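Survey of secondary and tertiary structure
The primary structure of each chain is shown beneath.
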Amino acid sequence: MANKVCFIVGHGKSETGGYDSGAVSKDGKYHEFKIVREIAKYAQAYYNATYTEQADIMNYNGDLYLTDRIKKANTNAYDVIAEIHLNSSKSTSANGVECYYENGNITGQKYADAICDQIALDLGVSQRPYGTDADGGDKVKLNSSGKDHFGIIRQPTNVKIRLLVETVFISNASDLAKVSTAAGQKKCGEAIAKAVAKVRGAKKKAITGWQKDSKGWYYLKNGVKLTNQWIEDTVGWCYVGADGYCLINQWIKDSKGWCYVAENGRALENTWKKIGNRWYYFNNQCNAVKGMQKIDGKIYFFAEKQYEDIKECQLIITNSNGEIKKEI
């Protein structure tokens, strides 16, 4: 049984069987098909990695002409198809995102609006004017017979929601720059996937692993954020605090003693570190050592406990009179 969502690559195969590039940049360097195939690839990859339901991709290799794509969409009877394109204009100032949906399909309008909103937000582009709602972007286009203009919207009648996404303008240098790199294509594809999932109410997978947001790194175990504990990864040991975020540049005391997490969030191990103008040594258990220690063949002494301004675990060095130096 087919998945319920499909991201379709526009162009690729011409009506006569040759190559259809779609729109081409003024310098001939960029082809619409070659860019949107990558956008669609990233959309599917993000959707399948993030959500419990999965999405298909169609025409990635450019082997399906429009009628073939319509036939395949009808056969699989998807809930949602989104055919991805780049826009083009004789005017190099034309810019922004727009998404077409089936005339009269209120749910389709919600998808189109969400896609335009997300692309505009994530890529930093505008939405094309004269859309269905106030912010533009989502649109209906009819032919002279009063029917939907685009075949991919008009003809796959076994598909509930049919969309044609004009991401940005290949004829506008600023727009093109947004999707001319793999990073930009990934951002655009993920924006489309996120918008579709949002309208569908797609359930996210229970993820295990490190995640990052504007506040910092945190760790999910089966979708649950861990708090107040050590986490070991391939690089070392990290500590997540009460809010679940990885601590950095901080002392942490556990049942074994004092540890210190550095700028990269990893606990120091088998190394010297100068902290607050005092030297400390951390063993292979990531703990600051105390008392008499032999390190690399030399004998050192570290404070057993806090005493006045002597810090627990700090290296003790004396002057020629045997007095402890206050600053080391």
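Above this text sits the structure in question.
One structure accompanies this document, and this report is about it. (Residues numbered from 1 in each chain as written. Predicted model: local features only at pLDDT ≥ 70, side-chain atom pairs only at ≥ 80, totals over all residues. Heavy atoms only, no water.)

The geometry of helix α3 (residues 106-123) relative to helix α6 (residues 182-200) is characterised by a closest axis approach of 8 Å and an angle of 145° between their N-to-C directions. In terms of crossing hand, the pair formed by α3 and α6 is right-handed. Two secondary-structure elements touch here, α3 through Lys110, Tyr111, Ala114, Ile115, Gln118, Ile119, Asp122 and Leu123 and α6 through Lys187, Cys188, Ala191, Ile192, Lys194, Ala195, Val196, Val199 and Arg200. In terms of residue class, the contact of α3 with α6 is built from eleven nonpolar, one polar and five charged. (Axes fitted to C-alpha atoms, helices over the stretch in contact; angles between N-to-C directions. Helix = DSSP H or I, 4+ residues; strand = E, 2+ residues; numbered from the N terminus. Left-handed = near helix turned anticlockwise from the far one by under 90°. Contact = heavy atoms within 4.5 Å. Nonpolar A, V, L, I, M, F, W, Y, C, P; charged D, E, K, R; others polar.)

For the rest of this paragraph, the subject is the sheet that holds strand β1 (residues 5-9). Strand order across the open sheet formed by six strands is β4-β1-β5-β8-β6-β7, with mixed pairing between neighbours. Edge positions in the open sheet fall to β4 (55-58) and β7 (138-139), since each of these has one partner strand only. Sheet topology places β1 next to strand β5 (residues 80-87); five bridges connect them, and they run parallel. Its bridge partner being in β5, Val9 is matched across the sheet by Ile84. Its contacts with the sheet put helix α1 (residues 32-50) on β1, β4, β5 and β8 (161-169), and the angle it makes with β1 is roughly 165°. (Pairing = 2+ DSSP bridges.)

What follows deals with the side chain of Asn48. Counting through the fold element by element, Asn48 comes out in helix α1. Of the residues examined, Asn48 reaches a relative accessible area of 16% and is grouped as buried. Once residues within four sequence positions are removed from consideration, Asn48 is found in contact with Gln54, Ala55 and Lys205. (Buried < 20%, exposed > 50% of the residue type's maximum accessible area, 1.4 Å probe, protein only.)

Let's shift gears to unusual backbone geometry. Note on backbone geometry: most residues besides glycine have negative phi, and most peptide bonds are trans. Not every positive phi belongs to a glycine, and Ala77 is a case in point at roughly 50°. With respect to the secondary-structure elements, Ala77 resides in the loop between α2 (66-76) and β5. One non-glycine residue, Asn270, lies in positive phi territory at about 50°. Given a relative accessible area of 46%, Asn270 falls into the partly exposed group.

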